[in-house]
Amino acid sequence: MGRKLILLGSTGSIGTQTLDVVRANREELEVIGLAANSNVELVEKQAREFRPKVITMYDPKAAKDLRIRLADMPVEILEGMEGLINMVQVPEADTVLTAVVGMIGIRPTIAAIESHKDIALANKETLVTAGHIIMALAKENNVSILPVDSEHSAIFQALNGEPKRKLEKILLTASGGPFRGKKREELVNMTASDALKHPNWSMGPKVTIDSASLVNKGLEVMEAKWLFDVDLDQIQVVVQPQSIIHSMVQYVDGSVMAQLGVPDMKLPIQYALFYPDRVFMDEKRLDFYELGSITFEKPDTDTFVGLKLAYDAARTGGSMPTVFNAANEMAVKMFLQEKIKFLEIYDMISEAMAHHKVVLNPSVDEILIAESETYDYLGSKEW
């Protein structure tokens, strides 16, 4: 069964690949709404191809420009956070795919769930910071949360049909990123250009830097905790450099189920949009003769301390994961602007976490306050 889709983040890496999936499955998938920040030119092209009923531009100036460009089309153009919230509630849609980067996704996701829309989730921050709110709300409204991240999709597939009580451990795989195998002293002078050279995946700049620091894997650990309702001690990160095994689960009898495939985000996107069905995908298949071998390593958390800090934040709970995430967002932005060095990403996260006074079971407003306070605190210091 196909879906009538609202796509948040249509101009980013996940968003454009989602539209590739729609393009290949036009009879089963329909785009009802598109949302982006400010890339008016690309959104105009998407609108003319997919003919959505509503579009939201987060930037009001971009919304004004788009209204002029699309004056010949019967499309409603909204703006800002209010526009996102209103768009995800339109009755024609049944699924909202959240591919925005950052905590901007929290309020629209809540509004979509309250409107009884299924969520195809590619926005880690929503569960990292507000998992206690999102998962309870989804259960209350009988809404499915369908993971789009390749690792969480793999876990979801490996758990399919098995009783949850028989799960012993989640084995969350990591490529190791472009700096895999390097020691701390080798990372001192690494630039943003170095960090953006991911060996396997084509992703946006923020996620690619997070992969280099292993912060991305820490965020995924926190996301997995909420998605699959497991303890942190049941989640083990395993480096799998070829990015062929996307994740695994181990059961109480010692059996391990793994999901394998080429490193292509269109596969987990399509799986989420067609679940529980599987449909043909005209993409490269995994060739085991060509592959030859699959290897595994233990993550180096002494060098890549972002993963350790993520576990610390998750164990503390409450508002601390929000601080971890916000500090990293600010640090990555500064690193991309060449204002700080690579290892200072960890320093900024650690400093923000040490400074923060935890709020237990925070509301959405308290989550957003913790984010803002983290930005203000780090912004007041010299790096």
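Since we're looking at a predicted model, the values are computed, not measured.

Asker: Outline the overall build of the chain, supporting the account with residue identities and numerical values.
Answerer: Helix and strand counts for the chain stand at 17 helices and eleven strands. Projected onto its principal axes, the C-alpha coordinates of the chain cover approximately 60 × 50 × 40 Å. Burial analysis of the chain (383 residues in total) assigns 55% to the buried set. Across the chain, contacts joining residues at least 24 apart in sequence account for 68% of those joining residues at least 6 apart. Approximately 16,900 Å² of the chain is accessible, and the part contributed by carbon and sulfur atoms is 49%. When the 40 basic and 54 acidic side-chain charges of the chain are each reduced to a single mean position, those positions are 1 Å apart.

Asker: Please set out unusual backbone geometry residue by residue, giving values where relevant.
Answerer: A negative phi angle is the norm for most residues apart from glycine, just as the trans form is the norm for most peptide bonds. Geometrically, the link from tyrosine 275 to proline 276 is a cis peptide bond, its omega value of 10 degrees lying close to zero. Within the fold, proline 276 resides in the loop between α12 (266–274) and α13 (288–291). One non-glycine residue, histidine 116, lies in positive phi territory at about 65 degrees. You can see histidine 116 is positioned in the loop between α5 (106–114) and β6 (118–121). A positive phi angle is found at glutamate 338, which is not glycine, with a value near 65 degrees. On the secondary structure map, glutamate 338 appears in the loop between α15 (320–336) and α16 (344–355). Here glutamate 338 falls in the exposed class, since its relative accessible area comes to 68%.

Asker: Just give me the short version of the layout of surface pockets, but keep the residues and values in it.
Answerer: Taken as a whole, the second largest pocket holds about 550 Å³ of empty space. For the lining of the second largest pocket, the secondary structure elements donating two or more residues are α6 (124–140), β7 (145–147), α7 (150–159) and α11 (215–227). Tallied by class, residues from the lining of the second largest pocket come to 14 nonpolar, two polar and four charged.

Asker: Tell me about the sheet that holds β7, residues and numbers included.
Answerer: Pairing is parallel across the open sheet formed by seven strands, whose spatial order is β4-β3-β2-β1-β5-β6-β7. Each edge of the open sheet is held by one strand with a lone partner, namely β4 (76–79) and β7. The average undirected angle you get between the axes of adjacent strands in this sheet is 20 degrees. Most of the contacts of helix α1 (residues 13–24) go to strand β1 (residues 4–8), to which it runs at about 160 degrees, and overall it touches β1, β2 (30–36) and β5 (95–98). Strand contacts of helix α3 (residues 60–69): β3 (54–57) and β4, with the helix running at about 165 degrees to β4, the strand carrying the most contacts.

Asker: Which residues make up the pairing of β6, and what values go with them?
Answerer: Burial along β6 is two-sided: Asp118 and Ala120 and Ile119 and Leu121, pointing in opposite directions, are all buried. With four bridges joining them, β5 and β6 adopt parallel strand pairing. Paired with threonine 98 across the bridge in β6 is leucine 121. The parallel pair β5 and β6 is bridged by α5, and the resulting crossover is right-handed. Inspection of the sheet shows β6 paired to β7 by three bridges, in the parallel sense.

Asker: Explain the pairing of β1 residue by residue, including any values.
Answerer: Of all five residues that make up β1, four are buried, and the element is covered over most of its length. Pairing geometry for β1 and β2, over five bridges, is parallel. Bridging across to β2, leucine 7 finds its partner in leucine 34. Each parallel crossover has a hand, and for β1 linked through α1 to β2 it is right-handed. Relative to β5, β1 runs parallel, the two being bridged by four bridges. Each bridged residue has a counterpart across the sheet, and for leucine 8 the counterpart in β5 is threonine 98.

Asker: Help me get a handle on the packing of aromatic side chains, residues and values and all.
Answerer: Centre distance and the angle of the planes are the two values used to describe a pair of aromatic rings. For the structure shown, the criterion picks out six aromatic pairs. For the ring pair phenylalanine 342 and tyrosine 346, a centre distance of 6.0 Å and an interplane angle of 75 degrees mean the geometry is edge-to-face. For the pair shown, phenylalanine 342 and tyrosine 346 are each scored as buried. Grouping aromatic residues by their ring pairs yields a cluster made of Phe179, Phe335, Phe342 and Tyr346.

Asker: So what's going on with α11? Residues and values would help.
Answerer: Spanning 13 residues, α11 covers 18 Å between terminal C-alpha atoms, matching the ideal 18 Å at 1.5 Å per step. Burial analysis of α11 places eleven of its 13 residues in the buried class, which makes it a mostly covered element. Within the sequence span of α11, burial applies to Val215, Asn216, Lys217, Gly218, Leu219, Glu220, Val221, Met222, Glu223, Ala224 and Leu227.

Asker: An account of the sheet that holds strand β10 (residues 245–251) is requested, with residue identities and associated values reported.
Answerer: Read across the open sheet, the four strands follow the order β9-β8-β10-β11; overall the sheet is mixed. Both edges of this open sheet fall to β9 (235–239) and β11 (256–260), since each of them pairs with a single strand only. Within the sheet, the average angular offset between the axes of one strand and its neighbour, ignoring direction, is 20 degrees. Summarising the sheet, strand β8 (residues 167–174) and β9 pair through five bridges and their orientation is parallel. Each bridged residue has a counterpart across the sheet, and for leucine 171 the counterpart in β9 is glutamine 236.

Asker: Give me the lowdown on the side chain of aspartate 210, citing residues and values where you can.
Answerer: Within the secondary structure, aspartate 210 sits in helix α10 (residues 205–213). A distance of 2.6 Å separates the side chain of aspartate 210 from the side chain of lysine 206, its partner in a polar contact. Not counting residues up to four positions away in its chain, the partners in contact with aspartate 210 are Val215, Asn216, Leu219, Asn328 and Val332.

Thresholds applied
- Residues numbered from 1 in each chain as written.
- Predicted model: local features only at pLDDT ≥ 70, side-chain atom pairs only at ≥ 80, totals over all residues.
- Heavy atoms only, no water.
- Helix = DSSP H or I, 4+ residues; strand = E, 2+ residues; numbered from the N terminus.
- Buried < 20%, exposed > 50% of the residue type's maximum accessible area, 1.4 Å probe, protein only.
- Contact = heavy atoms within 4.5 Å.
- Areas by Shrake-Rupley, 256 points an atom, 1.4 Å probe, with all protein chains shown as cover.
- Lys, Arg positive; Asp, Glu negative; His and termini not counted.
- Charge placed at Lys NZ, Arg CZ, Asp CG, Glu CD.
- 1 Å grid on protein atoms, 1.4 Å probe; cavity = no way out; pocket = protein on both sides within 12 Å on 5 of 7 lines; lining within 4 Å.
- Points joined across faces, edges and corners; volume = space filled by probe spheres on them.
- Nonpolar A, V, L, I, M, F, W, Y, C, P; charged D, E, K, R; others polar.
- Pairing = 2+ DSSP bridges.
- Axes fitted to C-alpha atoms, helices over the stretch in contact; angles between N-to-C directions.
- Right-handed = clockwise from strand over helix to strand, strands pointing away.
- Phe/Tyr/Trp six-rings, centres within 6.5 Å; stacked < 30°, edge-to-face > 60°.
- Expected span 1.5 Å × (residues − 1).
- Polar contact = N/O pair within 3.5 Å; in protein donor to acceptor, adjacent residues only side chain to side chain.

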